[in-house]
Amino acid sequence: MTENNPRVFPPDFLWGAATAAYQIEGGARDGGRTPSIWDTFSHTPGKVLAGDTGDVACDHYHRWRDDLALMSELNLRSYRFSVSWPRVQPTGRGPAVQRGLDFYRELVDGLLERDITPIVTLYHWDLPQELEDAGGWPERETAERFAEYAGIVGETLGDRVSLWTTLNEPFCSAFLGYGSGVHAPGRHDHESVLRAAHHLNLAHGLGTQALRSVLPRTAEVSISFNPGVVHPLNPDSEADRDAARRIDNLHTRIFSDPVLHGSYPEDLKRDTARVTDWSFVRDGDEAIIHQPLDSIGINYYTTTVVSGPVEGELPESKRADNHGKSEHSMWVAAEDVVFHRPAGDVTEMGWTVAPSGLTELLLRFSREAPKLGLYVTENGAAYDDKPDATGAVHDPERISYLRQHFAAVHDAMEQGADVRGYQVWSLLDNFEWAFGYSKRFGIVHVDFDTLARTPKSSARWYAGVIAANQLPASPSD
């Protein structure tokens, strides 16, 4: 882009915003909903900052009509949301609760009335607690139950929704939930991490089969990864390159290889042989996981820099992996890898702003799966946003962040990546998992005392980008 030439996007590019059920809905006990692992985790003292829970969150369950009006006001062309599994199928087994299904029917109908394309994510981390009590994702049955749930939701909304995502960031579910323990259910066992990863993959495959059996042939099915952009600290160092390979296997290829290519990386199995013999992978599992897809969702926030062991390394250096502090490493058979903070400006999460990493990821998956479309299903930044004396919320840092990342998407498209849409994370300030309400990712400010919504300056700027379908040449525009 030159100073006088804006970046123009395709006419059908799906600009939108993303949310997750537990982070915004509230209504934790309404309509027959039962606890998820995040209800249990957030109510466990010491697990979430300030003892925050998602019991009320943004109260979207009761205020969804107002939120739809906001989406229209901001010119959104799409809205990616997740279905709360325990709101639809409280025990994770058996018949659905109609009140739960009706909530999502009404939400989707409201989106369609406003010409906003609904993008449904079936699983964004809120496993019904009863399934965790039975063993959770390390157990095969959880994948089988997910397929049943996917079929229920697909049959209910299939005549209204054309874009479907099975899982959001299975990496976080497996590694943060069962390894470091910074996410629900808060367990610490490396074999369970790998078992959970496999059964999440299997859930994707079985869930895709279930969706295909009830959806129209025109419906698109996808999965959203949060792949790592992992660079060696010293590219000339064999130890650093090997550290990057191991972390890339654990962060990305443990999911993308079986989903896209039908097998787990052999070097991953060798690296983790001291933890497990992988006997939980049954004959035929990898073929089930490797279902035909229509697109891939890419969630991206920052890059990772690693090295091999460093003499005199500092404990905090090993925790600079962008995934929260824990005394328990989630990096299976890679506990000796050292993480280094990349140079550059950082967000409130401590994540380095590195838009080139998004281009790198989109091109990587464009090469790896050239027949599949790509969506940026999450990208955004947390900043310390506060209303001024007039009640307005100005967030120039977020505008700068978004501008750079929109340009990074356009760079990838100019190099041949088939990117079909972008969903900013997030529509609303919300419950940011173990950080509670302390980190604000929204383009809309939420006062968590009154629940009042105030579009930030970034929301108005984004609405202008969508209306023009282009990124203005001048940063001041």
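Residues numbered from 1 in each chain as written. Predicted model: local features only at pLDDT ≥ 70, side-chain atom pairs only at ≥ 80, totals over all residues. Heavy atoms only, no water.

Engineer: Would you mind showing me how to read the overall build of the protein here?
Structural biologist: Secondary structure assignment for the protein yields 15 helices and 15 strands. Across the 477 residues of the protein, 63% fall into the buried class. A total accessible area of about 17600 Å² is found for the protein, and carbon and sulfur atoms account for 49% of it. Across the protein, 44 positive and 69 negative side-chain charges occur, with their mean positions spaced 2 Å apart. (Helix = DSSP H or I, 4+ residues; strand = E, 2+ residues; numbered from the N terminus. Buried < 20%, exposed > 50% of the residue type's maximum accessible area, 1.4 Å probe, protein only. Areas by Shrake-Rupley, 256 points an atom, 1.4 Å probe, with all protein chains shown as cover. Lys, Arg positive; Asp, Glu negative; His and termini not counted. Charge placed at Lys NZ, Arg CZ, Asp CG, Glu CD.)

Engineer: Looking at this structure, how should I read the UniProt feature "active site" (unreviewed entry) in the protein?
Structural biologist: According to UniProt, the "active site" (unreviewed entry) feature falls on E378. Structurally, E378 can be placed in strand β11 (residues 373-378). Overall, the relative accessible area of 4% leaves E378 in the buried class. Excluding its chain neighbours within four sequence positions, the residues that come into contact with E378 are R80, H124, N168, E169, I298, N299, Y300, Y301, Q423 and W425. (UniProt positions renumbered as here; feature names shortened; annotations may be inferred. Contact = heavy atoms within 4.5 Å.)

Engineer: I keep staring at the side chain of E25 and nothing clicks. Help me out?
Structural biologist: Looking at the element boundaries, E25 is found in the loop between α1 (21-24) and α2 (37-42). Owing to a relative accessible area of 3%, E25 belongs among the buried residues under this scheme. Excluding its chain neighbours within four sequence positions, the residues that come into contact with E25 are V56, A57, D59, H60, Y61, S82, S84, R87, F103 and Y104.

Engineer: I would appreciate a short explanation of helix α13 (residues 356-368) in the present structure.
Structural biologist: Residues spaced three or four apart along an α-helix face the same direction, because each turn holds 3.6 residues. Taking 1.5 Å of rise per residue, 13 residues should cover 18 Å, and α13 covers 18 Å from first to last C-alpha, within 8% of that figure. Buried within α13 we find G357, L358, T359, L361, L362, L363, F365 and S366. The secondary structure elements touched by the buried residues of α13 are β6 (220-225), α10 (238-261), β8 (295-299), β11, α14 (396-414) and β12 (419-425). (Expected span 1.5 Å × (residues − 1).)

Engineer: What am I meant to see in the packing of aromatic side chains here?
Structural biologist: Any aromatic ring pair is given by two values, namely how distant the centres are and how the planes are angled relative to each other. All chains considered together, the criterion is met by 39 aromatic pairs. Geometrically, the ring pair formed by Y22 and W38 is tilted, given 6.4 Å between the ring centres and 35 degrees between the ring planes. In this pair, Y22 sits in helix α1 while W38 sits in helix α2, placing the two residues 16 residues apart along the sequence. The same class applies to Y22 as to W38, namely buried. (Phe/Tyr/Trp six-rings, centres within 6.5 Å; stacked < 30°, edge-to-face > 60°.)

Engineer: Got a minute to help me understand the pattern of salt bridges in this structure?
Structural biologist: For side chains bearing opposite charge, pairing can occur when the charged atoms are close. The final tally for this structure, using the stated rule, is 37 salt bridges. Put simply, R460 and E73 hold a salt bridge, and the shortest N to O gap is 2.6 Å. Pair noted here: R460 is in helix α15 (residues 457-468) and E73 is in helix α3 (residues 60-73), with a separation of 387 residues, a long-range link. According to the relative accessible area criterion, R460 is partly exposed, its value standing at 43%. R274 serves as the salt-bridge partner of E335, at 3.1 Å between the closest nitrogen and oxygen. Remark: R274 occurs in the loop between α11 (266-271) and α12 (285-289) and E335 occurs in the loop between β9 (304-307) and β10 (338-340); sequence separation between them is 61 residues. You can call E335 partly exposed: its relative accessible area is 28%. Each of D242, R245, R246, R253, D257, D267, D271 and D336 takes part in one network of salt bridges that share partners. (Salt bridge = Lys/Arg side-chain N within 4 Å of Asp/Glu carboxyl O.)

Engineer: Any chance you could explain the sheet that holds strand β5 (residues 163-168) here in plain terms?
Structural biologist: The strands making up a sheet associate through backbone hydrogen bonding, with each pair oriented either parallel or antiparallel. With respect to topology, eight strands assemble into a closed barrel ordered β2-β3-β4-β5-β6-β8-β11-β12, the strand pairing being parallel. On average, each strand axis in the sheet is tilted by 25 degrees relative to the strand beside it, whichever way the strands run. As paired strands, strand β2 (residues 14-18) and β12 are joined by five bridges and run parallel to one another. Within β12, the position partnered with W15 by the bridge is Y422. Most of the contacts of helix α5 (residues 98-113) go to strand β3 (residues 78-82), to which it runs at about 170 degrees, and overall it touches β3 and β4 (117-123). (Pairing = 2+ DSSP bridges. Axes fitted to C-alpha atoms, helices over the stretch in contact; angles between N-to-C directions.)

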